[in-house]
Amino acid sequence: GENVEQHPSTLSVQEGDSAVIKCTYSDSASNYFPWYKQELGKGPQLIIDIRSNVGEKKDQRIAVTLNKTAKHFSLHITETQPEDSAVYFCAASPHTGRRALTFGSGTRLQVQP
Amino acid sequence: GAVVSQHPSRVICKSGTSVKIECRSLDFQATTMFWYRQFPKQSLMLMATSNEGSKATYEQGVEKDKFLINHASLTLSTLTVTSAHPEDSSFYICSATGQTNTGELFFGEGSRLTVL
């Protein structure tokens, strides 16, 4: 089955700096890669996703890059704000929406004001 | 975006009792629902996949007789933790996907179960 590894486990940045979280996956059949933000005591919220036919996607301060050859994808948050502080999870799935996601272990991002 | 609602958000029960958690898709028909479990400071682990009108498919190591899943309609799936024990205390989260293959999974807010 799929195995997703995520690094780092914790990340502390100063407000205004950029944050980068990286994930690798094992199943070459995976073609859907979402990123979720989870705040304490709440369910995950989708912040951005990318499919295998695209190498990069951007939405305001958030961007995701995908390297299918190397089987890794990354989340980039620019101009970080204290409200960006949360746990971020990457995930992978072989079929969009039809198969369950395999999640990474999570990254706790702390943005220092 | 689409809304998935879970109820209850928190439940405390005594050891040996059964607890039912509901997962509803409020504005779309969920052909497939997934149930995850999340222990403190850990990732989400898939427990089972349920398709409307058919039996759930459980992940390895998840006891189907202990975690009963019913997906009787396109808007409702339930997870029943039977004879709950303290080690079942966890955050249970459902997610749902609709008939259109857009890829996005919508997550509920989660249900925190505490077994005393």
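Just so it is clear, the structure is predicted and the values come from calculations on it, not from any experiment.

The next subject is the sheet that holds strand β3 (residues 19-25) of chain B. Residues and elements named next belong to chain B. Taken together, the four strands give an open sheet; going across it, the order is β1-β3-β8-β7, and neighbouring strands pair in antiparallel fashion. Edge strands, defined here as strands with exactly one partner in the open sheet, are β1 (4-7) and β7 (67-73). Each strand axis lies, on average, 15° off the axis of its neighbour in the sheet, ignoring direction. Here β7 runs beside strand β8 (residues 76-81); their pairing, made up of five bridges, is antiparallel. Residue pairing across strands places Ser-73 opposite Leu-76, the latter belonging to β8.

This part takes up the nonpolar core. Core analysis: the biggest nonpolar cluster contains 25 residues, and Val-4, Trp-35, Phe-67, Leu-79, Tyr-92 and Leu-113 of chain B have the highest contact counts within it. Counting residues per element, the ones that place at least two in this core are β2 (10-13), β3, β4 (30-38), β5 (45-51), β7, β8, β9 (90-98) and β11 (111-115) of chain B. By size, the runner-up hydrophobic cluster in this structure holds 23 residues, among which are Val-13, Ile-21, Trp-35 and Ile-50 of chain A.

So, on to the interface of chain B and chain A. With 23 residues of chain B in contact, the opposing surface of chain A contributes 21 residues. Summing the contributions of chain B and of chain A, the shared interface buries around 1700 Å²; its carbon and sulfur component is 50%. Inspection of the chain B/chain A interface yields zero salt bridges. Inspection of the region where chain B meets chain A yields five residue pairs in polar contact (both at pLDDT 80 or more). When contributions to the side of chain B that touches chain A are tallied by element, the ones reaching two or more residues are β4, β5 and β9 of chain B. Classifying every residue of the side of chain B that touches chain A gives eight nonpolar, twelve polar and three charged.

Analysis parameters
Residues numbered from 1 in each chain as written. Chains lettered and ligands numbered in written order. Predicted model: local features only at pLDDT ≥ 70, side-chain atom pairs only at ≥ 80, totals over all residues. Heavy atoms only, no water. Pairing = 2+ DSSP bridges. Helix = DSSP H or I, 4+ residues; strand = E, 2+ residues; numbered from the N terminus. Axes fitted to C-alpha atoms, helices over the stretch in contact; angles between N-to-C directions. Core = buried A, V, L, I, M, F, W, Y, C linked by side-chain atoms within 4.5 Å. Buried < 20%, exposed > 50% of the residue type's maximum accessible area, 1.4 Å probe, protein only. Contact = heavy atoms within 4.5 Å. Buried area = accessible area lost by both parts, 1.4 Å probe. Salt bridge = Lys/Arg side-chain N within 4 Å of Asp/Glu carboxyl O. Polar contact = N/O pair within 3.5 Å; in protein donor to acceptor, adjacent residues only side chain to side chain. Nonpolar A, V, L, I, M, F, W, Y, C, P; charged D, E, K, R; others polar.

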